[in-house]
Amino acid sequence: MAPQVKDNITALKKAQEIDREIYLAQEQLKEIPEEIARLKQELEVEKGHLKELDGVLKKLQLAQKQKEGELAQKEANVKKLDGQLSQVKTNKEYSALQQEIASLKADNSLLEEEIIRLLDEIEAAHEEVRKESERLKQCEKEFSGKEAQLSQKQKELQGNAEKLKSEREQFVSQVLPEIRSLYETVIQKKSGIALAKVNGENCGACQIKLRPQLVNEILMGQNVVLCESCSRILYVEE
Ligand SMILES: [Zn+2]
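To start, this report covers the structure provided alongside it. (Residues numbered from 1 in each chain as written. Predicted model: local features only at pLDDT ≥ 70, side-chain atom pairs only at ≥ 80, totals over all residues.)

1. Some points on the overall build of the protein
In terms of regular secondary structure, the protein is built from four helices and three strands. Secondary structure elements of the protein occur, N-terminal to C-terminal, as α-α-α-β-β-α-β. Relative to the compact-globule value of 18 Å for 238 residues, the protein shows a C-alpha radius of gyration of 41 Å, a clear excess of over 25%. Sequence-distant contacts in the protein: of pairs separated by 6 or more residues, those separated by 24 or more amount to 73%. (Helix = DSSP H or I, 4+ residues; strand = E, 2+ residues; numbered from the N terminus. Rg over C-alpha atoms; globule rule 2.2 N^0.38 Å. Contact = placed C-beta atoms within 7 Å.)

Put into structure tokens, the structure is as follows:
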């Protein structure tokens, strides 16, 4: 290799090691907001569940109120009819009234049973709401903890990436501007790996068999040579 291209490759190999680390740190950084959003979503599901259970409880309480209103009205009716018993003139009227009272009382005892059943259901629903509230509190606590951990990780990764960026600078600054610009473009497009070592006759990155003419060109070291398949910068280990 001509000294210039060879020296450039040597510097790029050092930059490449650091750039791969930067790339991986950036990938991890991208995942953090996604992870936080996912955890938030889980928390929202839990909140929705509590709201649902609360809705069930409210509905039962409303039904209880309605049934109690109904019962009070029917009990008042019984009282009213009881009062009328002493005023009726005929036996026929009397027994008709008695029948009406008996039927109302039967309705009322059914209503009372329904109310008791509702009260049991309300108690159970209260318990469900209480348990879910506790679960939600626990989930919120866990979420805060995880969020804080992720923010901390984010800070560390960002700090590390900044440090690595200044480290790579000392290597890429030794490279010719046109080669550097090529390297930067390839590294952006190729998941943080811009250099590919030639393995025998193959590209070490994409494994394609290289044309012999291309391998010769790399060995001559006059120019920077790119893999025709993956477009990475090829080099031979000496
Ligand atoms: Zn390749």
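Next comes the rest of the account.
2. Overview of the environment of Lys197
Structurally, Lys197 is set in strand β1 (residues 195-199). If sequence neighbours within four positions are ignored, Lys197 has contacts with Gly204, Tyr235 and Glu237.

3. As for the sheet that holds strand β3 (residues 233-235)
Sheet strands associate in pairs through backbone hydrogen bonding, adopting either a parallel or an antiparallel arrangement. With mixed pairing, three strands are arranged side by side in an open sheet as β2-β1-β3. Two strands bound the open sheet, and with one partner strand each, they are β2 (202-203) and β3. Relative to β3, β1 runs parallel, the two being bridged by three bridges. Residue pairing in the sheet places Lys197 in a bridge with Tyr235 of β3. (Pairing = 2+ DSSP bridges.)

4. Looking at helix α2 (residues 91-172)
Spanning 82 residues, α2 covers 115 Å between terminal C-alpha atoms, matching the ideal 122 Å at 1.5 Å per step. Looking at α2, one finds that the buried residues are Leu118, Ala125 and Val172. (Expected span 1.5 Å × (residues − 1). Buried ≥ 20, exposed ≤ 12 C-beta atoms within 10 Å, placed from the backbone.)

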